[in-house]
Amino acid sequence: MLYAILAYHVEAEVKSWTADEDASVMTGLRGVHRRLAGQLGPAARLGDTRDARTLRGPGHGMVIDGPFAETKEQLLGLYVIDCVDEDAALEAARDLRSVNPTAVYEIRPIRVYLPGAPFPATEGAGDV
């Protein structure tokens, strides 16, 4: 089953890290990535939230600056991981957090969307 692990963090805190502090976290995360080899799909560190845009509203919608999250943390990265069940996905998130302990990780089952193809069943995903 596929799971998304969404990495939230206080952006100002991450941006305050020195180059050495950032490199240390990234080195630790690469170690986790190696341990998850064969399970880990795409992973990304997102750009600054100040560069984000939100599209919302009827019709063509309105483009608004920023992500407008109602939290102190911002979504700063994501992982796609193939795990046998939710417990395994939670364990992978715990492994990531062990090297980046101030991050918050949200774990969600996901389904791959291919235009024109039916959604595959994802156990535990409910009516997603």
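Please read all numbers here as calculations on a predicted model, not as lab measurements. (Residues numbered from 1 in each chain as written. Predicted model: local features only at pLDDT ≥ 70, side-chain atom pairs only at ≥ 80, totals over all residues. Heavy atoms only, no water.)

J.: Got a minute to help me understand helix 2 (residues 19-35) in this structure?
T.: Because an α-helix completes one turn every 3.6 residues, residues spaced three or four positions apart along the sequence face the same direction. Its 17 residues place the ends of helix 2 24 Å apart at the C-alpha level, agreeing with the 24 Å of an ideal helix rising 1.5 Å per residue. Every buried residue of helix 2 is accounted for by Val-25, Gly-28, Leu-29, Gly-31 and Val-32. Projected down its long axis, helix 2 carries its buried residues within an arc of 150°, all on one side. Exposed side of helix 2, more than 90 degrees from the buried face: Ala-19, Asp-20 and Arg-34 are the residues found there. (Helix = DSSP H or I, 4+ residues; strand = E, 2+ residues; numbered from the N terminus. Expected span 1.5 Å × (residues − 1). Buried < 20%, exposed > 50% of the residue type's maximum accessible area, 1.4 Å probe, protein only. Arc of directions from axis to C-beta.)

J.: Just checking my understanding: could you explain the confidence of the model for the protein for this structure?
T.: The predicted coordinates ought not to be read in detail in places where the model reports low pLDDT. Taken over all residues, the pLDDT of the protein has a mean of 83, while the share at 70 or more is 83%. In the model of the protein, strand 3 (residues 53-56) stands out as the element of lowest mean pLDDT, 77, in contrast to helix 2, which has the highest, 94. Long-range and interchain partners of residues 124-128, a stretch whose pLDDT sits below 50, account for four contacts in this model, where long-range means more than four residues apart. (pLDDT = per-residue confidence, 0-100. Contact = heavy atoms within 4.5 Å.)

J.: Would you mind showing me how to read the environment of Arg-50 here?
T.: With respect to the secondary-structure elements, Arg-50 resides in the loop between strand 2 (40-45) and strand 3. On the accessibility criterion, Arg-50 (61% relative accessible area) is exposed. Within the local environment of Arg-50, its side chain forms a polar contact with the side chain of Asp-48, the two groups lying 2.8 Å apart. (Polar contact = N/O pair within 3.5 Å; in protein donor to acceptor, adjacent residues only side chain to side chain.)

J.: Just checking my understanding: could you explain the pairing of strand 1 (residues 2-9) for this structure?
T.: On a regular strand, one side chain projects to one face of the sheet and the next to the other, so that they alternate. Of all eight residues in strand 1, seven are buried; the element is thus mostly enclosed. Where strand 1 lies against strand 5 (residues 74-82), eight bridges are found, and the strand directions are antiparallel. Residue pairing across strands places Tyr-3 opposite Ile-81, the latter belonging to strand 5. In this sheet, strand 6 (residues 104-109) lies alongside strand 1 in antiparallel orientation, the contact comprising six bridges. Within strand 6, the position partnered with Ala-7 by the bridge is Tyr-105. (Pairing = 2+ DSSP bridges.)

J.: Looking at this structure, how should I read the pairing of strand 3?
T.: Looking at chain direction, strand 3 and strand 4 (residues 62-65) are connected through four bridges and run antiparallel. Among the inter-strand pairings, Leu-55 is bridged to a residue of strand 4, identified as Val-63. Where strand 3 folds back on strand 4, the antiparallel hairpin that results is connected by five residues, among which Gly-57 adopts a positive phi of roughly 105°.

J.: Is there a simple way to think about the sheet that holds strand 1 in this case?
T.: The strands making up a sheet associate through backbone hydrogen bonding, with each pair oriented either parallel or antiparallel. Spatial strand order, 2-5-1-6: four strands in an open sheet with antiparallel pairing. A strand with exactly one partner marks an edge of an open sheet, and here the two such strands are strand 2 and strand 6. The mean angle between the axes of side-by-side strands here comes to 20°, regardless of whether they run parallel or antiparallel. Sheet topology places strand 2 next to strand 5; four bridges connect them, and they run antiparallel. Bridging from a neighbouring strand, Ala-44 pairs with Leu-78 of strand 5. Along the sheet, helix 2 makes contact with strand 2, strand 5 and strand 6, crossing strand 2 at roughly 170°. (Axes fitted to C-alpha atoms, helices over the stretch in contact; angles between N-to-C directions.)

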